[in-house]
Amino acid sequence: MTTDPDDPRRRRRPRARLAAAAAALTLVAPLAACGSDESGGTPTLNLYYPPEQNLQKVVDDCNAQAQGRYRIAYRVLPREADDQRVQMVRRLAAQDSGMDLLGLDVTWTQEFASAKWIREWTGQDKADVEQGTLAGPLETARYEDKLYAAPKNTNVQLLWYRSDLVPEPPKTWDQMIEMAQELKDQGKPYQVLTMGAQYEGLVVLYNSLVASAGGKILSDDGKRAVMDSGAIKALEQLHRFATSGVTSPSFSNAVEDPTRLEFQSGNGAFQVNWPFVYPAMQEAAPELAKDVKWARYPAIDENTPSKVTIGGVNMAVSAYSKHPEESFDAARCIRNEKNQKFSAINDGVPPTIEKIYADPEMEEAYPMKETILEELKEPAVRPLNPAYQSISTVMSAYLSPPSGIRAQQTADDLRKAVSDALESKGVLP
């Protein structure tokens, strides 16, 4: 379950095109439950995908391009990632042929491929997807060195800071803590706001710290719990941050949008969050927004660049689709360069095709695009294993609350718990 609000919105004035995350968090479209019916000899391809406000326009364009060979029907999944996964898992486990195209959270591809619920991308379909796509998103779409999905959009968190309080952004977490403490002593807004509740957002935070410290949670083949010295260093950093006196009192219960709102209210000097916060401020707090700048996610060590956990959605073709050839064609259309650029500008979902970031039309919609791309070129990917849901469940439990972390002990406990999760012991994801 990803936590990035890659949220849909209507076309707005240019400065706000990236912003509907907050509004789109409330978007709930009805889910049409119907099978792959045949209408006038034209196959209907059912696309099960999270709410994205302007995706219907992409679907309409792809239907026109298909020239009657098929018709895509957009079936909007529930808003919450857990609910999306449950619905798809239940139907795929029942070998439901009414599902053709699937919009998967980047953490689900391995699970669905391992269960043989989705088809491998091969031949020209595979070549088209791999051409020009950023390496990090592509890594999330592979299982056992085979491609099982096509990355449609991605995302990374940035550091947001008040330039009226700190003229230059901190390079590291410790520098940020020190700056915040100085602001606190001066009686100025000082809090460092980010997500610390017991859910996927806390796992994302810890995973970024581990990767930034050069550590590993799992072995390179994804089959064994490691929790090496870098993972322990990340635990030390997370505990130091949580007990530094610069977090919000609600840190251990904070999720994305409340974090944004707290910063927007003027309490914070720093915020670590997804890009949706910037345009949301343009809409709701324009005076504050004038002083808010962005920078690369804080590092553990000033001499080593940070690595930031990526989110996003991958396009997959159901193993039970009666129209696989048409489904692969439709998926390629939905995530092609033209449509990724459209979705980026109109729905605020960062592209996975690198060249789109250089497009002049992206300049206004994504003023922070260079920083996003910089992070995407050196990303952190969450542990790649079919049991990721179980791994995430136990990790969030042992990491919460962050102030209770005892680095070596927590690492030992996590190593055992993650090992059990890899064998699906005692975990209810």
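See above for the structure.
A brief look at the structure comes next. Just so it is clear, the model here is predicted, and its values are computed rather than measured.

Rules behind the numbers
- Residues numbered from 1 in each chain as written.
- Predicted model: local features only at pLDDT ≥ 70, side-chain atom pairs only at ≥ 80, totals over all residues.
- Heavy atoms only, no water.
- Helix = DSSP H or I, 4+ residues; strand = E, 2+ residues; numbered from the N terminus.
- Buried < 20%, exposed > 50% of the residue type's maximum accessible area, 1.4 Å probe, protein only.
- Phe/Tyr/Trp six-rings, centres within 6.5 Å; stacked < 30°, edge-to-face > 60°.
- Lys NZ or Arg CZ within 6 Å of the ring centre and 35° of its normal.
- Contact = heavy atoms within 4.5 Å.
- Pairing = 2+ DSSP bridges.
- Axes fitted to C-alpha atoms, helices over the stretch in contact; angles between N-to-C directions.
- Salt bridge = Lys/Arg side-chain N within 4 Å of Asp/Glu carboxyl O.
- Expected span 1.5 Å × (residues − 1).

## Points about unusual backbone geometry
Move 1: Backbone torsion omega between Ser 400 and Pro 401 reads -10°, so that peptide bond is classified as cis.
Move 2: Structurally, Pro 401 can be placed in the loop between helix H17 (388–399) and helix H18 (407–422).
Move 3: A positive phi is found at Lys 116, a non-glycine position, where the angle reads about 65°.
Move 4: Considering the arrangement of structural elements, one finds Lys 116 in the loop between helix H4 (109–114) and helix H5 (123–130).
Move 5: The class for Lys 116 is exposed, based on a relative accessible area of 63%.

## Section: the packing of aromatic side chains
Move 1: Inspection of the entire model under this criterion finds 10 aromatic pairs.
Move 2: Between Phe 112 and Trp 117, the ring centres sit 5.3 Å apart and the planes meet at 90°, which makes this aromatic pair edge-to-face.
Move 3: On the accessibility criterion, Phe 112 (0% relative accessible area) is buried.
Move 4: Look at Trp 173 and Phe 241: their rings are 5.2 Å apart centre to centre, the planes differ by 65°, and that puts the pair in the edge-to-face class. Here Trp 173, found in helix H7 (residues 173–185), pairs with Phe 241, found in helix H9 (residues 229–242); they are 68 residues apart in sequence, far enough to count as distant. With respect to class, Trp 173 is no different from Phe 241; both count as buried.
Move 5: An aromatic cluster is present here, built from Trp 173, Phe 241, Phe 251 and Tyr 297 joined pairwise through their rings.
Move 6: Cation over ring: Lys 57 sits above Phe 342, and NZ or CZ is 5.5 Å from the ring centre.

## A word on the environment of Val 210
Move 1: Structurally, Val 210 is set in helix H8 (residues 200–212).
Move 2: Between the alpha carbons of Val 210 and Gln 237 there is a distance of 9.6 Å; along the sequence they are 27 residues apart.
Move 3: Look past the residues within four positions of Val 210 in its chain and what remains in contact with it is Gly 215, Lys 216, Ile 217, Gly 230, Ala 231 and Ala 234.

## What about the environment of Ala 93?
Move 1: Relative to the assigned elements, Ala 93 resides in helix H3 (residues 81–93).
Move 2: Given the relative accessible area of 52%, Ala 93 is considered exposed.
Move 3: As for Ala 93 and Ala 115, which are separated by 22 residues in sequence, their C-alpha atoms are 8.7 Å apart.

## Topic: the sheet that holds strand E9 (residues 191–193)
Move 1: Strands sit in the order E9-E10-E8-E11 across an open sheet of four strands; the sheet is mixed. The open sheet is flanked by E9 and strand E11 (292–295), the only strands paired with a single partner. Averaged over neighbouring strand pairs, the angle between their axes works out to 20° when direction is ignored.
Move 2: Alignment of strand E8 (residues 158–162) against strand E10 (residues 268–273), held across four bridges, turns out to be antiparallel. Counterpart to Trp 160 in the pairing with E10 is Gln 271.

## What to know about the pattern of salt bridges
Move 1: A full pass over the atoms with the stated rule returns 25 salt bridges.
Move 2: Residue Asp 96 is joined to Arg 91 by a salt bridge in which the shortest nitrogen-to-oxygen separation is 2.7 Å.
Move 3: Residue class for Asp 96 comes out partly exposed when judged on its relative accessible area of 22%.
Move 4: Residue Arg 296 pairs with Glu 378 through a salt bridge whose shortest N-O separation is 3.3 Å.

## Let's talk about H3
Move 1: With 13 residues, H3 extends 18 Å between its outermost C-alpha atoms, agreeing within 8% with the 18 Å of an ideal straight helix rising 1.5 Å per residue.
Move 2: When H3 is considered as a whole, its buried residues turn out to be Ala 81, Gln 84, Arg 85, Gln 87, Met 88, Val 89, Arg 91 and Leu 92.
Move 3: Following H3 by one or two positions, Gln 95 has its phi on the positive side, about 55°.

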